[in-house]
Structures are given as C-alpha cells and as structure tokens.
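# Descriptive structure summary
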Amino acid sequence: MTISFLPKQFPIHAFQEALVSWFKLEQRDLPWRKDQDPYKVWVSEIMLQQTKVDTVIPYFYRFLDKFPTPESLANADEQEVLKAWEGLGYYSRARNLQSAVKEVMENYGGKVPNNPKELGNLKGVGPYTKGAILSIAFGQPEPAVDGNVMRVFSRIFKVEEDIAKPKTRKIHEDLVRSVISKEDPSAFNQGLMELGALICKPRNPDCLLCPVQEYCMAYEQGLEDILPIKTKAKSQRVEPYAALLIKNERNEVLVQKRPEKGLLANLYEFPMASLKDLDLTTIPNWFYGEYGLHIDIIQKETVVKHVFSHLTWELDAYSATVQSGKLDVGPATFCSLKDLELLPFPVSHQKLLPFVKTLLT
DNA sequence: AATTCGTGGGT
DNA sequence: TACCCAAGAAT
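Residues numbered from 1 in each chain as written. Chains lettered and ligands numbered in written order. Predicted model: local features only at pLDDT ≥ 70, side-chain atom pairs only at ≥ 80, totals over all residues. Heavy atoms only, no water.

## Focus on the protein's contact with DNA strand B
Every one of the 20 residues lining DNA strand B counts as a neighbour, but Thr51, Tyr91, Leu264, His306 and Ser309 are closest to it. Close to the protein, within 4 Å, the atoms of DNA strand B are drawn from sugar and phosphate at a rate of 61%. Tyrosine 91 is positioned with one of its side-chain polar atoms (N or O) 2.8 Å from a phosphate oxygen of DNA strand B. Between DNA strand B and the protein, one listed contact pairs a phosphate oxygen with a backbone N or O atom of valine 347 at 2.9 Å. Considered class by class, the residues forming the surface near DNA strand B number 10 nonpolar, eight polar and two charged. (Near = heavy atom within 4 Å. Polar contact = N/O pair within 3.5 Å; in protein donor to acceptor, adjacent residues only side chain to side chain. Nonpolar A, V, L, I, M, F, W, Y, C, P; charged D, E, K, R; others polar.)

Written as structure tokens, this is what we have:
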C-alpha cells in the first residue's frame, strides 16, 4: 500500500518560493558554499555526515588546504589522510573517501560523476550524499534526505512514521521528488536542511520565525513538539581496559596500529588489556605472551572515560617500563615523542598523550 | 532490519 | 548527570 502524504491542494510553487527565497536571504556563510566545485561539495558532505557544522568548518579548511584536488587526495598516504581526519570521528569516512577519489581518478578521469548510478557506486556515497552532490554541485532535482529533511517534512506534512526506521527515508524521498524546485534544486535541498538547523530544530522549534509556517500541518495542529516520531536507541555497554604506557630504555613509548576493520580502524593506540579477563596481577604475564616483552607496571596515571555511539571505554592508564625481552608483534612499535605527532590517534587516546609526554620527559 | 561506526555540544 | 542529537553509510 502506497501512502501519499502530499495533500492534493498543497501549494507547491508558493512553498518552493517561500523556502528558496528564505534560504537565499538567511543562509549561513559557510566555506563549502563559496563555489560549487563537486570535489569540495563531496568532501563537505562526507564530513557533515552525523557531524555538526561548527565542528566541520576547521577540518574542511585544513583538509582542502592539504588535499586541494582529487589527485592530491588520491596520491596521499592513508596515514596522512587519517591524521587530517583525527578527532572528527567515523574514520571509515576518510578511508572510503580516499578510496572513492582514487576510483574517480582511474575510471572517470578525475571528474566527479554527475549521474546517480556512478555516484552511488562510490565508496561512502549513500542515498543522501548522492542526492546532495547531484543537486548542489550539478543542479539536478534529486532528493537529499537527511535527518533535517525528515524532521522538517514530518512536521510540514504530518508524517507519523518513525524516522529511525530505514524505510521511512523512502517516504520522504518521494515527498521531496513531488515538491522539489526544478528551477533551483540546490537552494531547495539546502534550504530544507538550513531550515532544520536554524528554525525547525529537534526541540523548541522557532515556528514564529518559520518562512513556511503557513504550510505546516504540525504547526497548524500544535504538533510541532510531538513530531517527528523517533524511537530511542538502546543503551550502550561499558568495556573496562587497562591502557599501558610502556617506556623503553631509549625513552620511547609502545604504540600499535589498530586492525584495518572495525572500531577506529587503522588508527594508533597504546596497548590495552581487557579488565574483563585480566587484572593488575595477571597483565604482565598476558603481555609477555602477546608481545614477548617483560614489563614492570609502575603506577596508575589516570582514568579516562570515553563514550562512543554504541559503547563506552573506561581506560585505567598505567605507566610501565620494559624489563627484558624482544618485541615480536608486527603492528606494535616503540615510538619517540616527536614521531607520535605524525600518528593519527582517536580522542580516547589523545586524552592519554599528556601523561605519555610526562613519562618521556 | 538492526548494528556498527566517533565526537562534542545542548539541555 | 544523563541523556539527546548531528548534512549517514556499510554490513
């Protein structure tokens, strides 16, 4: 059964005009809005996935300064790309972006594809990003449905489907297709998102300032605080670890590269022992088995609690020294204080760097 | 379809 | 404090 949420008498053109003219007047001056270079639009859209504008801005400047063209990004070392992404989170975005840019270099002559099929096949480019690039960079009337659009449309058209459910996105894509401005798809799509960010906020929306208030069913019926419907995520688990800050006789600290898949893939960290399986007395023996080094634990330096989307790390950081043995693990290596600055660390381990500096100084 | 994947700011 | 939330994609 197909449900159309678009009222038969909905004044499409007046709605478009109200939204687009508001956006052109009130839009924020953002660095990725200076031109419509598809590469810059692409980079910005990847960075903006699940990430606030204010957080992205400095990363966007630094990233474009370092990798101004698809070619420069394609030819860069992955570690350098991850270093530029350090602290931004969702690091597979960076690795997928570089992978996709390499494909653009090889298969599309360095030109970002301007059609849904080729664009959607690029790594890290899903339905939203595909539509955003097509509409913003190429002016095509394609939907770009993100969380803002689903919230805004849930209110305007009184859509009561759970926006946390994957299938709900299709409802809103159909709605966008039925009302998008063919004259200015870019301003229309961006206008919806800008409206969601500035006016039609998740909580306490500023309906009195809204340029499309007269078209909003939720406002008309006093439902703006009820919609959208969104079920809440389940609670997260807690994982306790001992993080080991191990110094050798050459005043270097042991670091290791994380696996190439999964959480914080290919980033660096200090070795961690799960306190679910081990305790302070069994860690040295475990460590010798894993790394081939006898260590002496000195003392607890700090405790770090780090919250991810789906789990929490509780890191008890211990200083330690190498007693004897020979390191025999590939991804692990001793690293000088100076060279640490070249390695990409997740924020969880950046919190430990001040203590490492003290240890090595 | 449900989980996994980061982080910082708002309330 | 403890949630909630953000211009999602991959699996």
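## Looking at the pairing of strand S6 (residues 311-325)
The pairing of strand S1 (residues 237-247) with S6 spans 11 bridges and is parallel. In the sheet register, arginine 237 faces S6, and the bridge partner there is leucine 311. Joining the antiparallel neighbours strand S5 (residues 293-307) and S6 is a turn of three residues. (Pairing = 2+ DSSP bridges. Helix = DSSP H or I, 4+ residues; strand = E, 2+ residues; numbered from the N terminus.)

## Looking at helix H5 (residues 78-85)
The set of residues buried in H5 consists of Val81, Leu82, Ala84 and Trp85. Buried residues of H5, seen end-on, are gathered within an arc of 155 degrees and therefore sit on one face of the element. Two residues or fewer past H5, glycine 87 is found with a positive phi of approximately 95 degrees. (Buried < 20%, exposed > 50% of the residue type's maximum accessible area, 1.4 Å probe, protein only. Arc of directions from axis to C-beta.)

## Points about the domain arrangement of chain A
Split by domain assignment, chain A resolves into domain 1 (12-220) and domain 2 (237-360). Averaged C-alpha coordinates put domain 1 and domain 2 at centres separated by 38 Å. Taken together, the contacts link nine residues of domain 1 with 15 residues of domain 2. Note on domain 1 versus domain 2: buried area summed over both sides is about 920 Å², and carbon and sulfur give 50% of it. Ranking the residues of domain 1 by area buried against domain 2 places Gln79, Lys83 and Tyr91 at the top, with a combined share of 49%. The interface formed by domain 1 and domain 2 includes zero salt bridges. Where domain 1 meets domain 2, there are eight residue pairs in polar contact (both at pLDDT 80 or more). The element that contributes the greatest number of residues to the side of domain 1 that touches domain 2 is H5, accounting for four residues. Counted by class, the side of domain 1 that touches domain 2 contains three nonpolar, two polar and four charged residues. (Domains from an automatic or database assignment. Contact = heavy atoms within 4.5 Å. Buried area = accessible area lost by both parts, 1.4 Å probe. Salt bridge = Lys/Arg side-chain N within 4 Å of Asp/Glu carboxyl O.)

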